Every structure is written in C-alpha cells, then in structure tokens.
Amino acid sequence: MPETAEAVEAPEVVAGTTVDHLTATYQAHYRSLLGLAALLLDDTASCEDVVQEAFIRVHSARNRVRDREKTLAYLRQTVVNLSRSALRRRILGLKLLSKPMPDMASAEEGAYDQLERDDLIKAMRGLQRRQREVLVLRYFADMTEAQVAETLGISLGSVKAYGSRGIAALRVAMEAAQS
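Note that this is a predicted model, so its numbers are computed, not measured. (Residues numbered from 1 in each chain as written. Predicted model: local features only at pLDDT ≥ 70, side-chain atom pairs only at ≥ 80, totals over all residues. Heavy atoms only, no water.)

## A look at the packing of helix 7 (residues 145-152) against helix 8 (residues 156-178)
For clarity, the cut-off: The axes used here are C-alpha line fits, helices contributing only the stretch in contact, and every angle between their N-to-C directions lies in the interval 0 to 180 degrees. Helix numbers and strand numbers start at the N terminus; a helix is a DSSP run of H or I with at least 4 residues, a strand a run of E with at least 2. When describing relative orientation, an angle under 35 degrees is termed roughly parallel and one over 145 degrees roughly antiparallel, while 65 to 115 degrees is termed roughly perpendicular and anything else oblique. Whether two residues touch is decided by their heavy atoms; if any such pair falls within 4.5 Å, the residues are in contact. Classes in brief: Ala, Val, Leu, Ile, Met, Phe, Trp, Tyr, Cys and Pro nonpolar; Asp, Glu, Lys and Arg charged; the others, Gly included, polar.
Packing of helix 7 against helix 8 brings their axes to within 8 Å, and their N-to-C directions diverge by 105 degrees. With respect to each other, helix 7 and helix 8 are oriented roughly perpendicular. Seen from helix 7, the contacting residues are Glu 145, Ala 146, Val 148 and Ala 149; seen from helix 8, they are Leu 156, Val 159 and Lys 160. Tallied by class, the residues present in the contact of helix 7 with helix 8 amount to five nonpolar, no polar and two charged.

## A few points about helix 6 (residues 129-140)
Since the α-helix advances by 3.6 residues per turn, residues separated by three or four positions end up pointing in the same direction. Quick note on the threshold: One less than the number of residues in a helix, times 1.5 Å, gives the span that helix is expected to have. To sort residues, take the accessible area from a 1.4 Å probe on protein chains only and compare it with the maximum for the residue type: under 20% means buried, over 50% means exposed, and anything in between is partly exposed.
Spanning twelve residues, helix 6 covers 16 Å between terminal C-alpha atoms, matching the ideal 16 Å at 1.5 Å per step. Within the sequence span of helix 6, burial applies to Arg 130, Gln 131, Arg 132, Glu 133, Val 134, Leu 135, Val 136 and Leu 137. Where helix 6 ends, the next residue or the one after it, Asp 142, has phi of about 55 degrees, a positive value.

## Topic: the packing of helix 2 (residues 19-40) against helix 6
In plain terms, the rule: The handedness criterion is simple: a crossing whose near helix is rotated anticlockwise from the far helix by less than a right angle is left-handed, and one whose near helix is rotated clockwise is right-handed.
Interaxial distance between helix 2 and helix 6 falls to 10 Å at its minimum, and their mutual angle equals 145 degrees. Note that helix 2 runs across helix 6; the crossing there is right-handed. Note on element contacts: helix 6 touches helix 2 through Glu 133, Val 136, Leu 137 and Phe 140, opposite Leu 36, Leu 39 and Leu 40. A class-by-class count of the residues in the contact of helix 2 with helix 6 yields six nonpolar, no polar and one charged.

In structure tokens, the structure reads:
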C-alpha cells in the first residue's frame, strides 16, 4: 500500500519557471539581454540595472510563467518595458534640468568609430519609438519577426511595416549625416 501512496505523490506538476531554469537562462542570455538594453538606452549602468531588474521581476513572478520555454521571451519583454520606463524618467529629468548633460565618449574609442556610432545613435533616436524598438529587436538582438511581434505585443504585419519604414528612415538619416 505505501507504494501506491508514493505513486500518487510522485507525478508533481511543475508550473512556471524553476530557479534552476532561470539561473541557466541568466548564464546563457545575460549578455544578449544586456546588448538589447544597450541599444535602447545609452549608458552601461542603466543597461545593467534594467537587465538585473528584469531577472528579479521574472524570478518573483516565475510561478506565473506557464510555459518554461517562454522565460526568455518574458525577460526580453521586461527589458524592453523597463528600458521604456528608464527613458521616460530620463526625459522627465532632462525637462527639469536647465541644461542637457553632455555626451562623454570614453578615451579608448577611436574618433572615427565614435563619429559613426554617434551618427547611428542620432539616427536611431530620430525614429519613431516602435520603429526603433522593432529594428533593435530584429537586427541587434537577432530576433525573428515573430519573436519581435510577441515581445512587443503587436502583429507580425505591424513588425514588418515598422521595420520597413524604420530602415528607410534610418537610411535617409545616415546618408544625410555622412554628407
């Protein structure tokens, strides 16, 4: 009879993401999530804060993640949302400041690389928010269009439209910056 009781207790249903799975996801995808945040934000400290906060939030809500395989998608979505919030706070802070903070380049970066990077960042900042998010997720985070649609909560057609318009606008902005 004890074997029957053990058999009833043995099939344990694991709902959500386990701590071990989240740890493995952290080890495998921390750098890519940091890169995603870096393309949406402009300073390393904020990027690290956003990614760490994303892992904390997903860890806190890990029992609500129904499909363990979607943990990375939840993390990406959280990084995007936290980056938006950080940018909103920063914009509010800049409005309150009397003068904008100067952009400081590190001493190690070459002048040519810095100019190209500055031109790209300016061009990306000039895009509409959704265009920028789609391009960052699609080309810099190397996500498929379907993954981008799921992460941003928009349709596949919208991803294609925002991506196409964003690339066209980026091309025009980069050509203007180089001339």
